[in-house]
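One letter stands for each residue in the lines below.
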Amino acid sequence: MADSARQPGSEAMCPYRLVLEHVTSRWGVLVLIRLLERPHRFSELRRAIGEIRQVSEKMLTQTLQTLERDGFVHRDARPVIPPRVDYSLTDLGREAAEQVRVLALWTERRMGDVEQARKAYDEARA
């Protein structure tokens, strides 16, 4: 997150940019796409994301809290022993996750074109 987004008052000045940063962050994208499949417990979610990229417990917790605050994720803590917490998408979160998934699929499909463009750029600069 940019330093300006952390400064007091920046959320009020540009709230949509901040939400966009949350949804499109490294971990936000992966959390939303995984929760689109089904609800997950914290450890399940961490393992599922870990198949793609290693995420620390702290970063996953922060990401989930941010997405919960924005209204995208629902945290269901059940008072059982051992404690059970499930994370799922809200209707708003499902809508955002669908949009993010479309972008992720497009990126996967067009990666060859991106790599060619990068190669052409690098060769032109050499």
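Let me begin by describing the structure that accompanies this report. Keep in mind the model is a prediction, meaning the values are calculated, not measured. (Residues numbered from 1 in each chain as written. Predicted model: local features only at pLDDT ≥ 70, side-chain atom pairs only at ≥ 80, totals over all residues. Heavy atoms only, no water.)

So, the environment of V100
For V100, the position within the fold is in helix α7 (residues 91–125). The class for V100 is buried, based on a relative accessible area of 9%. As for V100 and I33, which are separated by 67 residues in sequence, their C-alpha atoms are 7.3 Å apart. Excluding residues that lie within four positions of it along the chain, V100 makes contacts with V23, V29, L32 and I33. (Helix = DSSP H or I, 4+ residues; strand = E, 2+ residues; numbered from the N terminus. Buried < 20%, exposed > 50% of the residue type's maximum accessible area, 1.4 Å probe, protein only. Contact = heavy atoms within 4.5 Å.)

A look at the sheet that holds strand β2 (residues 73–78)
Whether parallel or antiparallel, the strands of a sheet pair through hydrogen bonds between backbone atoms. Strand order across the open sheet formed by 3 strands is β1-β3-β2, with antiparallel pairing between neighbours. Of all the strands in the sheet, just β1 (40–41) and β2 have a single pairing partner and so form its edges. As paired strands, β1 and strand β3 (residues 84–89) are joined by 2 bridges and run antiparallel to one another. When the bridges of β3 are listed, R41 appears paired with D86. Taken strand by strand, helix α4 (residues 26–37) contacts β1, β2 and β3, and its axis lies near 95° from that of β3. (Pairing = 2+ DSSP bridges. Axes fitted to C-alpha atoms, helices over the stretch in contact; angles between N-to-C directions.)

A closer look at the pattern of salt bridges
Taken as a whole and assessed by the stated rule, the structure comprises 8 salt bridges. Between R17 and E21 there is a salt bridge; the shortest N-O distance is 3.8 Å. In this pair, R17 and E21 are both assigned in helix α3 (residues 15–24), 4 residues apart and thus about one turn of the helix distant. On the basis of relative accessibility, which here comes to 28%, the residue R17 falls in the partly exposed class. Since its relative accessible area comes to 22%, E21 is described here as partly exposed. E37 is the partner of R34 in a salt bridge, and the nearest nitrogen-oxygen pair spans 3.4 Å. Here E37 and R34 lie together in helix α4, a separation of 3 residues that amounts to about one turn. Its relative accessible area of 51% is what places E37 among the exposed residues. Three or more residues joined by partner-sharing salt bridges are found here, namely D76, R78, R84 and D86. (Salt bridge = Lys/Arg side-chain N within 4 Å of Asp/Glu carboxyl O.)

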